[in-house]
Amino acid sequence: MKELPHSTRDIARELARKYSTMTHGELDILESVLVPMKFAKGEMILREGEVCRNILYVDRGLVRQFYFKKGRQLTEHIGVDGSIIMCIESLFREEPTKLQVEALDTTMIYALPKQRLEEVALHNVNIQILYRKILEESLILSQVHADLVRFETAQDRYKRMCKLMPKVVQRAPLVYIANYLQMTPETLSRVRSATLLE
């Protein structure tokens, strides 16, 4: 049976459940901020050189955030259902981003335009809390990724990713998981085999 698409009301409720409690009035306001967007597999959601103006909530699908360094693509983040994606520096400085966001699957996203979110947050404490918690989560995820590649062995990196991001490990192509963990696909293959044998 095919799942029915979520409504903006469902998403507002989901965000409130995850980040902050809200009254019906606040849910109405949050719902009015949300902008539904659909992307086909392989479609670019944000390109290098564009300014990131939205916080993106992945309702259904799979996306990756990446950048180019010396001609190579480096995966910064992979998001699945329930993930938040944003290019934080571009979002706050209103400058062109060096990051790109691509749909790896048919993806349904709800955008929270930063300007509109900030306007409504001024008058609604619970929406302010939601905004802050989304930013906190995003910063923590960036720190976790930085620490993973900085301090941990290939095997520990993979194990930690399995624990922290099980849905991503199950659904993302191995080439991008390897790239995210800063290892070759061959190393990832060895690490996965060794992990399965434990």
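Located above this text is the structure these notes cover.
In this report, the structure presented in the accompanying data block is examined. Think of each chain on its own: its residues are numbered from 1, step by step along the sequence as written. In keeping with the predicted nature of the model, local features appear solely for residues at pLDDT of at least 70, side-chain atom pairs appear and are counted solely at 80 or more, and the whole-chain, interface and lining totals rest on all residues. The basis for the side-chain values is all heavy atoms of the structure; hydrogens and waters are excluded.

**Describing the sheet that holds strand S2 (residues 44–46)**
One requirement defines pairing of two strands: DSSP has to find at least two bridges between them. Secondary structure counts use DSSP, requiring at least four H or I residues in a row for a helix and at least two E residues in a row for a strand, with both numbered from the N terminus. An order of S2-S7-S4-S5 is seen for the four strands of this open sheet, with the pairing classed as antiparallel. Edge positions in the open sheet fall to S2 and strand S5 (72–80), since each of these has one partner strand only. When the angles between neighbouring strand axes are averaged without regard to direction, this sheet yields 30 degrees. Taken together, the four bridges between strand S4 (residues 62–69) and strand S7 (residues 100–103) define a ladder with antiparallel strand orientation. Bridge pairing links arginine 64 to glutamate 102 in S7. Axis lines are fitted to C-alpha atoms, over the contacting stretch for helices. Their N-to-C directions set the angle, which ranges from 0 to 180 degrees.

**Some details on the sheet that holds strand S6 (residues 84–85)**
In spatial order, the strands read S1-S8-S3-S6; together these four strands make up an open sheet with antiparallel pairing. Two strands close off the open sheet at either side, each with one partner strand: strand S1 (35–39) and S6. Both strand S3 (residues 54–60) and strand S8 (residues 107–113) contribute to a ladder of six bridges, which runs antiparallel. Paired with tyrosine 57 across the bridge in S8 is tyrosine 110.

**Description of the packing of helix H5 (residues 125–151) against helix H6 (residues 154–164)**
Each pair of packed helices gets described by two things: the angle between the helix axes and the distance between those axes. Closest axis-to-axis distance for the H5/H6 pair is 10 Å, and the angle between their directions is 155 degrees. Considered as vectors, H5 and H6 are oriented roughly antiparallel to each other. H5 and H6 meet at a crossing whose hand is right-handed. From H5, Val144, Leu148 and Val149 reach across to H6, where they touch Arg157, Arg160 and Leu164. Roughly parallel refers to an angle under 35 degrees, roughly antiparallel to one over 145, roughly perpendicular to one between 65 and 115, and oblique to any angle outside these ranges. Two helices that cross are described as forming a left-handed crossing if the nearer one is turned anticlockwise from the farther one by less than a right angle, and a right-handed crossing if clockwise. In this description, contact between two residues means that some pair of their heavy atoms is separated by no more than 4.5 Å.

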